[in-house]
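# Secondary and tertiary structure notes
Here's the letter readout for the chains.
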Amino acid sequence: MIEWFERQIPKIVLAPSFMAVLVFVYGFIAWTAWISFTRSKLLPNYEIKGVIQYERLFAAPRWDTAMSNLFVFGTLFIVISMLLGLLLAILLDQKIRTEGALRTIYLYPMALSMIVTGTAWKWIMNPGLGIENMVRGWGFESFSFDWVIDPDMAIYAVVIAGVWQASGFVMALFLAGLRSVDEEIIKAAQIDGIPHWRIYSAIIIPSMAPIFLSAFIVLAHLAIKSFDLVIALTGGGPGYATDLPATYMYAMAFSRGDIGQAASSAMVMMGVVFAIVVPYLYSELRAKHD
Amino acid sequence: MAPILDIQNLVKNYGAVEILKNINVAIEPGDFLVLVGPSGCGKSTLLNCIAGLEPISGGTIAIGGRDMTHVSPKDRDIAMVFQSYALYPTMSVAKNITFGMKVRGVDAETQAQKLAEVAKQLQIEALLDRRPGQLSGGQRQRVAMGRALVRDPKLFLFDEPLSNLDAKLRVEMRSEIKKLHQNLGATMVYVTHDQIEAMTLATKIVVLKGGVVQQIGTPAEIYNRPANLFVADFMGSPAMNLIPVKARKNGAGMKIEIARQGAEPLVLHDTRVAELPEDVILGLRPEDIAEAGYRAGENVQTADCLIDMVEPAGADTYVVSHLGGKQVTARLHAETVAAPGQMLGLAFDLGKVSYFAPQTGERLN
Amino acid sequence: MTDLGFPQSQGRNWGHVALRCLLFLLLGLFALFYLMPLFVMVTTSLKSLEEIRTGSLVAFPRDVTFEAWRTAWSGACTGIQCEGLRPYFWNSVILAIPAVLISTLIGALNGYVISQWKFRGANLIFSLMLFGCFIPFQVVLLPMARMLGLMGLAGTIPGLIFVHVIYGIGFTTLFFRNYYVTIPAELVKAAKVDGAGFFRIFWSIFLPLSLPIIVVTVIWQFTQIWNDFLFGVSFSQAGTQPVTVALNNIVNSTTGVKEYNVDMAAAIIAALPTLFVYVVAGNYFIRGLTAGSVKG
C-alpha cells in the first residue's frame, strides 16, 4: 500500500498543475469559444446562437482597422526587429572589446514594461515638446513629426517603440546563434580563402535557420499580444487609428460590456496565434520525441 | 548452497516491444556474473530489473532466497555502480559515500567509521572533501565504488562501470575490481559490451542478444565451446574464423573441404566427429591456426595457403588468407617471415574446432 | 566565433582600419538610439515644467529638481486619488514576491517529475502546458474574471497572485524541465538504490544543483509579473492596482496640467526594479529570455 502510494507520488505532484492547465487554459478557451457563439452582452448567456458574433465582428469597421493594423504593425515590427537584430549581432561579433557593455545597452529595453516604453516614447514623440520641437530648435522650422497624433501614421509610431524594445532581444538570440556555429567549419572556410562577408552569407546565417524561426515566433507572439504598448503610447487613438485586436477585445470586454464580441475577437486572436505557433511547437515536440 | 540471485522466467516489455524474453539465471554466493552483449541486447535493462529500478512484466527475481520481484530498490540489499558514476554533484566525496547511510538513519559514528574503512580500502582518503567535479575519471570511479562498498550488500551491480575511462585506466580498474571481488568474496553482477572485460572478470558469463540468452557458462566454456554462431563471433578478438565448408563421410570421421579461389579445395580430416550435415560452418580461433611446425598433436593438420595480408601486432603477427570465401585470420609468432602473395604452410588444430549449422547457427559438435 | 582577422597585406590595412572605424561608428549610433529614451526620461524627470516647455528635449537640466520624483512617488493623481505611485509600487511588490516564489517552486517540482520521473502521459501533460504558454491571454480574460468573482478574489491582490501563478507555471515548468532533462537518469537511480525517495532526492540532490535555473526562473517570472499590465488592469480595482496600471493612469489622467516630468519620474520608478535586476544579473536575464524562446 505504502509502496503503491510512493509510486504514485510523481503523478500526485503533477496533478494540480495538470488540473489547473485543463481548467484555466483549455476549459477557459472552451468557455470563451462557447460564449463567442451566443448573444451574450453584459452577462454571459449560454444559448448558442450560431456565428452571429463573428458576423458582427467582421462587419465592424473598428475590427477591420484593428486587423489591418495588426498586419501592418506585425509585419514591420517583425521584419525591422529581425533585420536590426541580425545587423547588431553581426556588428557585435567582430571581436569588439566593449561587446559586453554594448550588449547591455542594446538589450535593456527588454527589461522594461511596455507601459514604461510607451510612456517614454509618447513623450519623445510629443509633437509640441518632443523630437519635433527639438529639430525645429536646431533651425529646421518646417520639420514635422507628429505621428502619434496623425491617424495615418500613429501605427508607425507604435512600430518604432516596439522595435526599440524588442530588437535587442533578437540581437541576443542571433548572437548566441552566431557563436554556436561550429568553429571548424569557419576555419575550413578561411583556409579555402572564402571572403569574410561570404562566410556570413553562405555559411553562418544559413546555419541559423532555427534561430530565425524562434525569433519569428517570439516576435509574432509579442505582436499579437501587444496591448500594453498601444494603451500607453496612443491609447488606441487617435480615434481607433491604432486599435489592435487586443485593445478591441479589451474594450469590448471591460468598457463596452459586449462580451460576445470580446469572446469572438479573442477566439480570432487565438486562431492567428495558433496558426503560427502550432506548426512550430509540433515540429519542436516531434523532433524531441525522435 | 542456495543461489544468491535467482532469476526465473523473467520477461520485460515496453508496450508491445519485448525487451527481455524468458530469462533464467542463477548464481551462487561469490560468483562474478557478467552480462555481455552488443548494445541494445537488454543487458542494462536486465541489470535495472535486478536492481528494481525497472518493473518487470513477468517472472520472478529472488535475492538471498527472498522474492524481491515487487520490492523497491532500497530494500533489495544491493549496491550499484553506474556508467556515468552518478555521483551527487553538489555533495563532497564523503557525503556521496555516506548519503545512503544517512537516508537509512545510520548513526553518525558508524557512518564515519565505515567511511574511513572504505576510503582506506580504495585509497581515496585525500579526496573526501572534494566535489565530484574536481575529480578525474578514475577518481570518480573509485568514489562510485566506495558508495557501493559502504553498503556491504548481498549483491553488487555494475553497469558498464569502465566504459567512460581511457584504455590504460580501464585495464587498471579492471584488475582492481577483480582484486576487490577476490578480497571481499562478494557476489557481483556486471554489465559490459566489452568481451575482454567479460572474459577476464567473470566466473560466469551470460551472453545476450535481442533480449534472449544465447549462452550461460564459464569464460572457458563460452570461449572454447560457443553455443552458436553469434557467441562464436562476439566473444574473442580477433573474432573466431567462421568458414563455410563441405563435410563428407570418410570412414569413422569426416572429410572437410574448404573451397579456395584458383586452387584445389583445402581438405582436412576430422576423426573426432562422426556425423555432420553436408553444409556446415567451421569455427576455428586465430590462435588455433599456427605456422606449420610450430604446433604438434594428433589433431593438427597442415596445408599450404596463399597469404593475402600480414599484420604485425608486436607480440604476434596476424596473417590473413582467403579460404571458403572468407578472410581467415591466423595468429602466428612474431618472428614469422610470412609475406603477402606467398604460400605458407599453416597448421590447423582440429582438436579445437567448432561446427555450426548454417541455417540455425546452432553448435553441432 | 573564430578570429576572422586574416593576415593582411600592407595595402589592405587602410581599408581594414576604415572598416573598423565604420563599425564603431555604427555601434555607437545604435547605442545612442537605445540609450536616448532613457536619457530623455531621466533628464526630463529632473527638470521643472517651465524648463521643459522652453528647453530642448535632449538638453541636460539647468536646475536639477527632484520635485517631480517626489510628486510621482507620493502625490501624483491616478484618477481621483492623488497618492502617487507609492501604494501601487508596494502592491506590485507584495503581489510579485509570492507569485514568483510559488510559481517557481511548482515549476521546479513539475520539471523534476516530467524530466526524471516520467510516467505514461507525462509528455502529453508537458505538451499541454507548453501550448498554454502561447495562448493570447485575451482568450481567458472573461472566464477568469468570473472565476475570480466566484472564488471571492475579484479585485484583490491574492486574486492577481493566483492568476500570475496559474499562467506562469507553463514557463517555469519549461525552464526546470529543460534544465533537469540534461541530468543523467542514473543520478535518480543511484539515489533510489541509496534508499532516498521522491522528495528526498529532490531536496538533497536536485535542488542544490538548481541554483542557476532558479535564478533564471525567478528573474524571468519577476520581470513578467512586475511588467504585466493586462492582468493588472483586468483583475484589479482602485487600491489594488499594480504599478504599471497606476503609471498608465497617471500618464493618461486628463485632469489638470500635463506634468511630463512627473510622468517620466513615475515611469522610471515603475521600471527601476526590473532595470536593477537586469543590471545586477543581466546574464541570467538573457538566459531566461533565450531559454523562453529557444526550447530544447
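Conventions we followed
Residues numbered from 1 in each chain as written. Chains lettered and ligands numbered in written order. Predicted model: local features only at pLDDT ≥ 70, side-chain atom pairs only at ≥ 80, totals over all residues. Heavy atoms only, no water. Helix = DSSP H or I, 4+ residues; strand = E, 2+ residues; numbered from the N terminus. Rg over C-alpha atoms; globule rule 2.2 N^0.38 Å. Areas by Shrake-Rupley, 256 points an atom, 1.4 Å probe, with all protein chains shown as cover. Lys, Arg positive; Asp, Glu negative; His and termini not counted. Charge placed at Lys NZ, Arg CZ, Asp CG, Glu CD. Contact = heavy atoms within 4.5 Å. Buried area = accessible area lost by both parts, 1.4 Å probe. Polar contact = N/O pair within 3.5 Å; in protein donor to acceptor, adjacent residues only side chain to side chain. Nonpolar A, V, L, I, M, F, W, Y, C, P; charged D, E, K, R; others polar. Salt bridge = Lys/Arg side-chain N within 4 Å of Asp/Glu carboxyl O. Domains from an automatic or database assignment. Buried < 20%, exposed > 50% of the residue type's maximum accessible area, 1.4 Å probe, protein only. Core = buried A, V, L, I, M, F, W, Y, C linked by side-chain atoms within 4.5 Å. Pairing = 2+ DSSP bridges. Axes fitted to C-alpha atoms, helices over the stretch in contact; angles between N-to-C directions. Parallel < 35°, antiparallel > 145°, perpendicular 65-115°, else oblique. Left-handed = near helix turned anticlockwise from the far one by under 90°.

A few words on the overall build of chain A. Helices and strands together make up the secondary structure of chain A, namely 13 helices and zero strands. Counted from the first residue to the last, chain A has its helices and strands arranged as α-α-α-α-α-α-α-α-α-α-α-α-α. The C-alpha atoms of chain A give 24 Å as radius of gyration, which overshoots the globular expectation for 290 residues (19 Å, by more than 25%). Overall, the C-alpha framework of chain A stretches about 75 × 70 × 35 Å when taken along its three principal axes. Carbon together with sulfur atoms contributes 67% to the accessible area of chain A, which is approximately 12400 Å² in total. If you average the places of the 19 positive and of the 21 negative side-chain charges in chain A, the two averages end up 4 Å apart.

Let us now look at the interface of chain A and chain C. How big an interface is tends to be stated in terms of accessible area lost as the parts join. Contacts between the two partners involve 103 residues from chain A and, on the opposite side, 92 residues from chain C. Of the roughly 8800 Å² buried between chain A and chain C on both sides combined, carbon and sulfur atoms contribute 78%. Taken together, chain A and chain C are joined by 21 residue pairs in polar contact (both at pLDDT 80 or more). Taken together, the residues that form the side of chain A that touches chain C break down as 74 nonpolar, 17 polar and 12 charged.

Next up on the list: the pattern of salt bridges. Here the structure, examined in full by the defined rule, presents 24 salt bridges over all chains. Within this structure, Asp93, Glu99, Arg103 and Arg179 of chain A form a network of salt bridges that share partners.

What follows deals with the domain arrangement of chain B. Residue and element names in this part refer to chain B. Split by domain assignment, chain B resolves into domain 1 (5–234) and domain 2 (241–356). Centre-to-centre separation of domain 1 and domain 2, based on C-alpha positions: 39 Å. Taken together, the nine residues of domain 1 in the interface contact six residues of domain 2. Together, the buried faces of domain 1 and domain 2 total about 630 Å²; carbon and sulfur atoms form 58% of this surface. Counting the surface domain 1 buries against domain 2, the share from its top three residues, Tyr223, Leu229 and Ala232, is 69%. Along the contact surface separating domain 1 from domain 2 lie zero salt bridges.

What follows is about unusual backbone geometry. Residue and element names in this part refer to chain B. For the bond from Ser237 to Pro238, the omega torsion is -5 degrees, close enough to zero to count as cis. A positive phi angle is found at Asn22, which is not glycine, with a value near 45 degrees. Within the fold, Asn22 resides in strand E2 (residues 17–27). Residue class for Asn22 comes out partly exposed when judged on its relative accessible area of 47%. At Asp77, a residue that is not glycine, the phi angle is positive and equals roughly 60 degrees. A relative accessible area of 27% means that Asp77 is categorised as partly exposed.

Turning next to the nonpolar core. The biggest cluster of nonpolar side chains holds 247 residues, and the ones touching the most others in it are Tyr106 of chain A, Leu5 and Val189 of chain B together with Tyr167 of chain C. Each residue touching Leu5 of chain B, except ones within four places of it in the same chain, is listed here: Val25, Ala26, Ile27, Ile50, Ile61, Ala62, Ile63, Leu155 and Val189 of chain B. Membership of the second largest hydrophobic core comes to 45 residues, among which are Val118, Leu128, Val143 and Ala144 of chain B.

For the rest of this paragraph, the subject is the sheet that holds strand E15 (residues 289–291) of chain B. Residues and elements named next belong to chain B. Overall, antiparallel pairing links the five strands, which are arranged E15-E19-E16-E17-E18 in an open sheet. Because the sheet does not close on itself, it has two edges, and the strands there are E15 and strand E18 (326–333). The mean inter-strand angle of the sheet, taken between neighbouring strand axes irrespective of direction, is 50 degrees. Alignment of strand E16 (residues 300–312) against strand E17 (residues 316–323), held across five bridges, turns out to be antiparallel. Across the sheet, Ile307 pairs through a bridge with Ser321, a residue of E17.

Below, the discussion takes up the packing of helix H7 (residues 154–179) of chain A against helix H10 (residues 209–225) of chain A. All names here are of chain A. Two elements in contact, H7 and H10, have axes whose closest approach is 10 Å; the angle formed by their N-to-C orientations is 160 degrees. Comparing their axes, H10 and H7 come out roughly antiparallel. By crossing handedness, the relation of H7 to H10 is classed as right-handed. Contacts from Ala166, Phe169, Val170, Leu173, Phe174 and Gly177 of H7 reach H10 at Ile211, Phe212, Ala215, Val218, Leu219 and Leu222. The class makeup of the residues in the contact of H7 with H10 is 11 nonpolar, one polar and no charged.

Here the focus is the environment of Phe162 of chain C. Relative to the elements of secondary structure, Phe162 of chain C occurs in helix H7 (residues 157–180). Note: C-alpha distance between Phe162 of chain C and Val233 of chain C (71 residues apart in sequence) is 15 Å. The contacts of Phe162 of chain C, once residues within four sequence positions are left out, are Phe24 of chain A together with Met144, Leu148 and Met151 of chain C.

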